[in-house]
Amino acid sequence: MSPPLFNFVDAKDKFTASARQALVGKTSKPLIHAFNQFPGNEAEKKTTFDQALRGVLGDQIVEQKASCDEYLSLIYLSISAVTEGICSATTPFLLLGDVLDCLPLDQCDKIFSFVEENVSTWKSNSFYTAGKNYLLRMCNDLLRRLSKSQNTVFCGRIQLFLARLFPLSEKSGLNLQSQFNLENITVFNKNEQESTLGQKHTEEKEDGMEVEEGEMGEDEAPAPCSIPIDYNLYRKFWTLQDYFRNPVQCYDKFCWMTFLKFSDETLAVFKSYKLDDMQASKRKLEEMRASGGEHVYFAKFLTSEKLMDLQLSDSNFRRHILLQYLILFQYLKGQVKFKSSNCVLNDDQTTWIEETTKLVYQLLREIPPDGDQFATMVEHILNTEESWNSWKNEGCSSFVKERPVDDKPKRPTRKRQAPEDFLGKGPDRKIFMGNDELTRLWNLNQDNMEACKSDSREFMPSLDEFFAEAIEQADPANMVEEEYKVVRNPNYGWRALRLLSRRSPHFFQPTNQKFKSLADYLDSMVSKLAKELPKDIPSEEIKTGEDDDDDNGDNLLKDSNDSPSIQSKMVTNQQMDDIAAKLGTQWKMLASHLEMKAAELREIETDSEDVDMQAKLLLVAWQDREGSQATVESLVTALNAAGFSQIADNLNEA
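Treat the numbers as computed from the prediction; the structure is a model and nothing was measured.

K.L.:
Help me understand the overall build of the protein chain in this model?
P.N.:
When you go through the protein chain residue by residue, the secondary structure sums to 31 helices and zero strands. Restricting the contact set of the protein chain to residue pairs at least 6 apart, pairs at least 24 apart contribute 71%.

Here it is, written out as structure tokens:
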């Protein structure tokens, strides 16, 4: 008899009733009891339970009788249900999103306080993977509803919560491409005819005549501004905010001249009219101490002309402007990965920035109170920011360092070696040079002096052999593009110069012709050699010494009569393709014997999901690391050790 079909409606009604009962009793036992008693598939019951919880929340929102505490009680129940395994891990986040979407901002503040307090819960294994995207989307939706100027604190809490939730290396929270908030435009009066700065002193004088003596106390009298302010200074000062908003403008020649002129005048005002600590209002300092040090701030600058004199006389305002200069200079001088190639400073710009940076730090130290301490702190923070930029330029590598796992078995060694071990008188007659590579090279041949005198040591090619390919490519009939010619290869050019200095008279002939690059000089030499060298001489195999360099000189030290052994053979690309196809899903068994690290294996798995391509990437990574030591013999040894003897035999036969 087949099992009865799952009844979604009955299950939802029963789970809904148990959820309401659990809310009244503030316990999850009715939920667990109802889930275990109802027959059906585990996945189907979980899906129905999720719908039931969302239905209960929807009824509470529609009735508009529930308070924030009742909403949070339901979310607490969903968290307990996830822990008991009777609910999907995404359900608490869906409930949070529904609540925040339907409530006004003042109640959203209370709900978000609950989200902040439970950040450790969201970071646990049961919730993080399933809910991180929901939390990110929920926070972004809240930020879109909030005003950056009116709800600044709430916006900052959301940003701090995301910083606590996600790891430091989470790339979704990093400004990798160094983008700027170009929407942050500072609005000020750009029409000189509407300016009131010219009438200011006259009005103050008239207003001052109406005040009789004795009507205002000495402490309450406003101190006259000692900084001469006109519309030109006002306009130039606030125009600088556009360069702080978009620093890329400074790389434009015309914009840089404007920025330079306006900055010199602004900094000259700061330097000429310094703030005296005695001028600070004692009453203001006492009020700040009484309020616990809380500062009143605004998210945007106030650009009214009437406030200009007060702003320039305020120490915090001056610090804001000078700090903007330091941040701008750090970006202009720094190495940013995604910065355009045209964004480069010339020598004059670099010199001006260095001199102005010193001036800005000097002005910061002169601003009371605690100027020296503030300047030192700013310098430390900006140095930390440089390290942060370097970390982003290097690809945001993980901060977690894995412990190196040494899988190689340790060979038991004696505390003191016997004389025959290093004098070459032991059974193997092997002389130890103190280094594995030197020992191998020294013992390739029994008589190294005779091996050096062998004819195989003569590897300098003749001119016609070495330049045969270059002459052929220089022929217009062959239609070889410039970028693919061998004379463009720096390695080839270096060896060509050495050969010409030894065997060509043209190398030492003076000439008035100027060459822009080594490739142009070699082109002219190739054309001369093409006219002089005989064309009917059959070209032999070109011996440039390149193969010998790849083998680290192993063949040069062997007897000339010895045939090349498997030790000097490099693994070809075709051989790696064949081996990768045979390894398949077992490529990790070979990885440990090739001494590949765990981080490299994870990178290979990330680069490709195809097992054959993963095996090929393993062999390529091993070849890149070993270089000239990536020989067939080494690979055969690793294959035999990993248990792939059949593949090793096929590689030997090839």
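Don't stop here, the text continues.
K.L.:
How should I be thinking about the pattern of salt bridges in this particular structure?
P.N.:
A side chain of one charge can pair with a side chain of the opposite charge when the charged atoms of the two come close. All chains considered together, the criterion is met by 14 salt bridges. The partner of Asp98 in a salt bridge is Arg54, with the nearest N and O atoms 2.9 Å apart. Pair noted here: Asp98 is in helix α5 (residues 91-102) and Arg54 is in helix α3 (residues 42-63), with a separation of 44 residues, a long-range link. Residue classification places Asp98 among the partly exposed positions, given a relative accessible area of 21%.

K.L.:
Help me understand the packing of aromatic side chains in this model?
P.N.:
For any pair of aromatic rings, the description consists of the separation of the ring centres together with the inter-plane angle of the planes. Taken as a whole, this structure holds 32 aromatic pairs when the rule is applied. Residues Phe114 and Trp122 carry aromatic rings whose centres are separated by 6.3 Å and whose planes lie at 75 degrees to one another, so their mutual orientation is edge-to-face. Measuring from ring centre to ring centre gives 5.4 Å for Trp256 and Trp352, while their planes differ by 85 degrees; the resulting arrangement is edge-to-face. Within this pair, whereas Trp256 is found in helix α12 (residues 253-272), its partner Trp352 is found in helix α16 (residues 347-366), the two being separated by 96 residues in sequence. Summarising the burial analysis for this pair, Trp256 and Trp352 share the class buried. Ring pairing ties together the aromatic residues Tyr243, Phe244, Trp256, Phe259, Tyr325, Phe329 and Trp352, which thus form one cluster. We note Lys45 situated over the ring of Phe35; from NZ or CZ to the ring centre the distance is 4.5 Å. Over the ring of Phe374 we find Arg319; its NZ or CZ atom is 4.5 Å from the centre of that ring.

K.L.:
Any chance you could explain helix α15 (residues 315-333) here in plain terms?
P.N.:
Every α-helix carries 3.6 residues per turn, so stepping three or four residues along brings you back to the same face. With 19 residues, α15 ought to run about 27 Å at 1.5 Å a step, and its terminal C-alpha atoms sit 27 Å apart, in line with that. If you check the start of α15, you find a side-chain oxygen 3.1 Å away from the backbone N of Asn316, and it comes from Asp314.

K.L.:
Even after reading the chapter, I still don't get the confidence of the model for the protein chain, so can you show me in this structure?
P.N.:
Caution applies to low-pLDDT regions: their predicted coordinates should not be interpreted in detail. Overall, the prediction assigns the protein chain a mean pLDDT of 80, with 81% of residues at 70 or greater. Least confident of the elements in the protein chain is helix α25 (residues 546-550), whose mean pLDDT is 45; most confident is α16, at 94. Under a pLDDT of 50 for its full length, residues 278-282 has, in the predicted model, one contact with residues more than four places off or in other chains. Predicted confidence is poor over residues 556-567, with pLDDT under 50, and the contacts of this stretch with residues over four places away or in other chains come to 23 contacts.

K.L.:
Just to check I follow, could you spell out unusual backbone geometry for this structure?
P.N.:
What is expected of a backbone is that most residues other than glycine have negative phi and most peptide bonds are trans. Residue Pro369 is reached from Pro368 by a cis peptide bond, and omega for that bond is -5 degrees. Residue placement: Pro369 occurs in the loop between α16 and α17 (371-393). Residue Asp370 is not a glycine yet carries a positive backbone phi of 55 degrees. Its place among the elements puts Asp370 in the loop between α16 and α17.

K.L.:
Sorry if this is basic, but what is going on with helix α1 (residues 8-25) here?
P.N.:
With 18 residues, α1 extends 26 Å between its outermost C-alpha atoms, agreeing within 8% with the 26 Å of an ideal straight helix rising 1.5 Å per residue. When we look at burial in α1, the residues that qualify are Ala11, Phe15, Thr16, Ser18, Ala19, Ala22 and Leu23. Lining the buried residues of α1 we find α2 (29-37), α3 and α4 (68-84). Its side-chain oxygen 3.2 Å from the backbone nitrogen of Val9, Asn7 forms the N-cap of α1. Immediately downstream of α1, the backbone of Lys26 shows phi near 55 degrees, a positive value.

K.L.:
Sorry, what's going on with the environment of Asp314 here?
P.N.:
Relative to the helices and strands, Asp314 is located in the loop between α14 (308-312) and α15. By relative accessible area, which is 24% here, Asp314 ends up partly exposed. Of note is the side chain of Asp314, whose polar atom sits 2.9 Å from the backbone nitrogen of Phe317.

Cut-off values and rules
Residues numbered from 1 in each chain as written. Predicted model: local features only at pLDDT ≥ 70, side-chain atom pairs only at ≥ 80, totals over all residues. Heavy atoms only, no water. Helix = DSSP H or I, 4+ residues; strand = E, 2+ residues; numbered from the N terminus. Contact = heavy atoms within 4.5 Å. Salt bridge = Lys/Arg side-chain N within 4 Å of Asp/Glu carboxyl O. Buried < 20%, exposed > 50% of the residue type's maximum accessible area, 1.4 Å probe, protein only. Phe/Tyr/Trp six-rings, centres within 6.5 Å; stacked < 30°, edge-to-face > 60°. Lys NZ or Arg CZ within 6 Å of the ring centre and 35° of its normal. Expected span 1.5 Å × (residues − 1). Polar contact = N/O pair within 3.5 Å; in protein donor to acceptor, adjacent residues only side chain to side chain. pLDDT = per-residue confidence, 0-100.

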